[in-house]
Amino acid sequence: MGALTTYLMMVGAWSIVLMGSWINGSDALKEEAAGTVYVGGKVLCQDCTQGWNEWIHGAKPIKGCMVSITCMDGGRVAYYGSDETDEGEAFEMSLKKSINGKPLDLKKCSVRLVSSPDPVCNIPTDFAGGRSGVWLRRPTVVYRDLIKHVLGPFYYTTPMCEEPDTNQGFR
């Protein structure tokens with residue numbers, strides 16, 4: 001065998017060893033992943049003053065939007081957490097499957113928009129349930145011990161685009 005063939009075989013063998021250790025991970029990491037659920041998504045600004053094509057496809061990311069998750073247990077809050085969007089308009093939160101030894105019912109967890117730092121694009125919309133909240137139902141990813149819910153995207157819009165609430169009755 002030539003030197004190149006021997007070198008390639010050694011690199012291949014080391015790659016398999018390294019990938020195996022990366023996939024298997026440490027026991028502490030496995031235990032953490034087994035007890036954790038991840039929730040993520042995106043937050044964008046949608047401007048209705050643009051043409052239809054720009055309105056649909058031209059949503060801009062908003063850095064620093066606050067998104068929260070609230071999990072209920074009966075009539076009380078069992079868990080509350082929040083995260084801000086990063087430069088890529090994404091948020092990602094993690095929560096334990098049990099709180100104080102009691103299992104968390106993920107179907108009673110709701111994710112919603114809280115606030116936008118943008119001075120113009122700061123009206124939450126209910127596209128994808130961002131304003132009223134989205135209940136966690138079916139996870140998007142379930143792989144071994146990984147459970148992840150990918151939501152949204154959620155949208156904010158400008159005050160000019162806000163629809164008036166016509167559901168309130170007159171007295």
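Residues numbered from 1 in each chain as written. Predicted model: local features only at pLDDT ≥ 70, side-chain atom pairs only at ≥ 80, totals over all residues. Heavy atoms only, no water.

Draft legend 1. Inspection of the sheet that holds strand E10 (residues 134-135) at higher detail. With antiparallel pairing, the four strands of this open sheet are ordered in space as E4-E3-E8-E10. The sheet is open, and its two borders are formed by strand E4 (76-84) and E10, each paired with just one other strand. Pairing geometry for strand E3 (residues 66-73) and E4, over eight bridges, is antiparallel. Bridge assignment links Met72 to a residue of E4, and that residue is Val77. (Pairing = 2+ DSSP bridges. Helix = DSSP H or I, 4+ residues; strand = E, 2+ residues; numbered from the N terminus.)

Draft legend 2. Quick look at a nonpolar patch on the surface. Residues Val77, Tyr80 and Val114 make up a contiguous nonpolar surface patch of roughly 270 Å² in combined accessible area. Topologically, Tyr80 is positioned in strand E4. (Patch = residues over 30% accessible without salt bridge, like charges linked within 9 Å, V, L, I, M, F, W, Y side chains within 5 Å. Areas by Shrake-Rupley, 256 points an atom, 1.4 Å probe, with all protein chains shown as cover. Salt bridge = Lys/Arg side-chain N within 4 Å of Asp/Glu carboxyl O.)

Draft legend 3. Quick peek at the side chain of Thr125. Mapping Thr125 onto the fold places it in the loop between strand E9 (123-124) and E10. A distance of 2.9 Å separates a polar side-chain atom of Thr125 from the backbone oxygen of Tyr155. (Polar contact = N/O pair within 3.5 Å; in protein donor to acceptor, adjacent residues only side chain to side chain.)

Draft legend 4. Representation of unusual backbone geometry within the structure. Cis geometry marks the peptide bond from Gly152 to Pro153; its omega dihedral reads 10°. Looking at the element boundaries, Pro153 is found in strand E12 (residues 146-157). With a phi angle near 65°, Ala128 is a residue other than glycine that sits in the positive phi range. You can see Ala128 is positioned in the loop between E9 and E10. Of the residues examined, Ala128 reaches a relative accessible area of 43% and is grouped as partly exposed. (Buried < 20%, exposed > 50% of the residue type's maximum accessible area, 1.4 Å probe, protein only.)

Draft legend 5. Geometry of the nonpolar core. Counting 24 residues, the largest nonpolar core has Val43, Val67, Ile69, Leu95, Val111 and Phe154 as the members making the most contacts within it. For this core, the elements supplying multiple residues, two or more each, are strand E1 (36-45), E3, strand E5 (90-96), strand E8 (109-115) and E12. Dropping the residues within four chain positions of it, Val43 is found in contact with Pro61, Ile62, Cys65, Val67, Thr85, Glu89, Phe91, Leu113, Phe154 and Tyr156. (Core = buried A, V, L, I, M, F, W, Y, C linked by side-chain atoms within 4.5 Å. Contact = heavy atoms within 4.5 Å.)

Draft legend 6. Summary view of the pairing of E8. Strand direction decides the pairing type here: E3 and E8, joined by six bridges, are antiparallel. Directly across from Thr70, in E8, lies its bridge partner Ser110. Where E8 lies against E10, two bridges are found, and the strand directions are antiparallel. Its bridge partner being in E10, Ser110 is matched across the sheet by Trp135.

Draft legend 7. Molecular detail of the state of the cysteines. Applying the stated criterion to the full structure yields three disulfides. A sulfur-sulfur distance of 2.0 Å marks the disulfide that ties Cys45 to Cys121. Measuring handedness by torsion sign, the sulfur bridge of Cys45 and Cys121 sits at about 110° and is right-handed. In this pair, Cys45 is assigned in strand E1 and Cys121 in the loop between E8 and E9, connecting sequence segments 76 residues apart. Owing to a relative accessible area of 1%, Cys121 belongs among the buried residues under this scheme. Between the sulfur of Cys71 and that of Cys109 lies a disulfide, 2.0 Å long from S to S. Disulfide Cys71-Cys109: the torsion about the S-S bond is 110°, which places it as right-handed. Placement of Cys71 in strand E3 and of Cys109 in strand E8 is noted, with a sequence separation of 38 residues between them. The exposure class of Cys109 is buried, given its relative accessible area of 0%. Should the bonded cysteines of the protein chain be numbered as they appear in the sequence, the pairing reads 1-5, 2-6, 3-4. In this structure Cys65 is a free cysteine whose sulfur lies 7.8 Å from that of Cys121, the closest cysteine sulfur available. Taking relative accessible area as the criterion, Cys65 reaches 0% and is therefore assigned buried. (Disulfide = S-S within 2.5 Å.)

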